[in-house]
Amino acid sequence: SGLLNGKNILVMGVANDRSIAWAIAQSLAAQGARLAFTYESERVEERVRKLAGNIPDSLILPCNVTVDEDLVRLADTLKGEFGVLHGVVHSIAFARTEELEGMFVDTSRDGYALAQDISAFSLVAVSKHMYPLMTEGGSIMTMTYLGAERVMRNYNVMGVAKAALEASVRYLAADLGQHGIRVNGISAGPIRTLAAKGIKDFNSILHQVEEKAPLRKTTETAEVGDTAMFLMSHLSRGITGEIIHVDGGYNIVG
Ligand code: 0WD
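Residues numbered from 1 in each chain as written. Predicted model: local features only at pLDDT ≥ 70, side-chain atom pairs only at ≥ 80, totals over all residues.

The protein chain goes by Enoyl-[acyl-carrier-protein] reductase [NADH] in an unreviewed UniProt entry, where it is assigned to Paenibacillus chitinolyticus. In its Sequence similarities (unreviewed entry) section, the UniProt entry covering the protein chain states "Belongs to the short-chain dehydrogenases/reductases (SDR) family. FabI subfamily." (UniProt positions renumbered as here; feature names shortened; annotations may be inferred.)

A. Region of interest: the packing of helix 4 (residues 109–130) against helix 5 (residues 156–176). Where helix 4 meets helix 5, the axes come as close as 9 Å, and the angle between the chain directions of the two elements is 20°. Accordingly, the angle class assigned to the pair helix 4 and helix 5 is roughly parallel. Between helix 4 and helix 5 the crossing geometry is right-handed. Contacts between helix 4 and helix 5 involve G111, Y112, A115, Q116, S119, A120, L123, V124 and S127 from the first element and V157, M158, A161, K162, A164, L165, S168, L172 and L176 from the second. Grouping the constituent residues of the contact of helix 4 with helix 5 by class yields twelve nonpolar, five polar and one charged. (Axes fitted to C-alpha atoms, helices over the stretch in contact; angles between N-to-C directions. Helix = DSSP H or I, 4+ residues; strand = E, 2+ residues; numbered from the N terminus. Parallel < 35°, antiparallel > 145°, perpendicular 65-115°, else oblique. Left-handed = near helix turned anticlockwise from the far one by under 90°. Contact = placed C-beta atoms within 7 Å. Nonpolar A, V, L, I, M, F, W, Y, C, P; charged D, E, K, R; others polar.)

B. Fine view of the site of the ligand. The environment of the ligand is made up of 25 residues, and the closest members are S19, A93, M143, T193 and A195. Elements with a contribution of two residues or more to the shell around the ligand: helix 1 (20–30) and strand 5 (138–144). (Near = placed C-beta within 6 Å.)

C. Here's a closer look at the UniProt feature "binding site: NAD(+)" (unreviewed entry) in the protein chain. Residues annotated by UniProt as "binding site: NAD(+)" (unreviewed entry) correspond here to G13, S19, I20, I92, K162, I191, R192, T193, L194 and A195. Along the polypeptide, S19 turns up in the loop between strand 1 (8–12) and helix 1. What S19 contacts, discounting residues up to four positions off in sequence, is G13, V14, S91 and T193. Topologically, T193 is positioned in the loop between strand 6 (181–188) and helix 6 (202–212). The exposure class of T193 is buried, given the 21 C-beta atoms found within 10 Å. Excluding residues that lie within four positions of it along the chain, T193 makes contacts with R18, S19 and I20. (Buried ≥ 20, exposed ≤ 12 C-beta atoms within 10 Å, placed from the backbone.)

D. The sheet that holds strand 6, seen in detail. As summarised here, the arrangement of the seven strands in space is 3-2-1-4-5-6-7, forming an open sheet in which the pairing is parallel. The outermost strands of the open sheet, each flanked by one partner alone, are strand 3 (59–62) and strand 7 (243–246). In this sheet, neighbouring strand axes are inclined to one another by 20° on average, regardless of whether the strands run parallel or antiparallel. In the sheet, strand 5 pairs with strand 6 via seven bridges, with the strands oriented parallel. Counterpart to T144 in the pairing with strand 6 is S187. Helix 1 contacts strand 1, strand 2 (34–39), strand 4 (87–90), strand 5 and strand 6 of the sheet and is inclined by roughly 165° relative to strand 1. Lying over the sheet, helix 7 (residues 221–232) contacts strand 1, strand 4, strand 5, strand 6 and strand 7, oriented at roughly 165° with respect to strand 6. (Pairing = 2+ DSSP bridges.)

E. How the structure looks around the pairing of strand 5. The buried fraction of strand 5 is high, at seven of seven residues. The alternating pattern of strand 5 places G138, I140, T142 and T144 and S139, M141 and M143 on opposite faces, both of which are buried. Following the backbone out of strand 4, through helix 4 and into the adjacent parallel strand 5, one traces a crossover that is right-handed. Where the polypeptide runs from strand 5 across helix 5 and back to strand 6, its parallel neighbour, the crossover connection is right-handed. (Right-handed = clockwise from strand over helix to strand, strands pointing away.)

What follows is the structure in structure tokens.
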């Protein structure tokens, strides 16, 4: 009697077992969802196949979100395999490491465009290609960070991309609400993942959270997973265009 029985959900952004998307997948699978995973490139394909192999009945498909044809093919395959899609989890971001230190003012034109393309526009592109499959309504969600709202040291170009991502959540929610499709974001506290490796002084960021956050601890991926499960489920049916902080309360004090 899972909350997501009979729901077909696309999960994008598993890179390894520390990925936030992987914790989300586990929370969704525990409630009976049927999952499709995408991998960005052959570089991560084997790891994703190994992980997803633990989740019965799941699909594993290629999709680089910067390639339109990949999105077209993904939608076609999902239509054939699932028929109807109920949810999309977008847990994808990228910026060059050289743009994640020093001064934001030194961001290159290329680096800015790349961060925007992969980390913000991709949500728009994915939504455009997937919402026609969501004929029974559904839920789309993405992952964001406090660096969208205020200046966080070294987050730089990614903070600006996350600001665009959060605004995109609102515009997409306004567009897709008429189809019964909700669009939301989770703003997670810092978590040690592959993506976090690119951020300078990540340890000191984690320490600050332990010291200052109301819950006096750092965020665990399972906490994000369970909130994502709520957003994918009927329980959150009144919520759209929202950014939910899952950060132990850090944003109210930090
Ligand atoms: O502290 C953190 N880790 C936080 C992460 C705090 C708040 C938010 N987030 C966000 C990230 O910005 C991202 O949007 O959560 C999302 C997931 O990040 P993660 O789980 O921390 O990182 P990771 O496990 O690296 O997954 C991100 C993945 C990529 O991994 P790598 O590290 O191999 O680049 O995004 C995928 C890729 O699998 N990705 C792409 N997928 C499709 N097409 C692409 C692409 N072009 N580029 C990256």
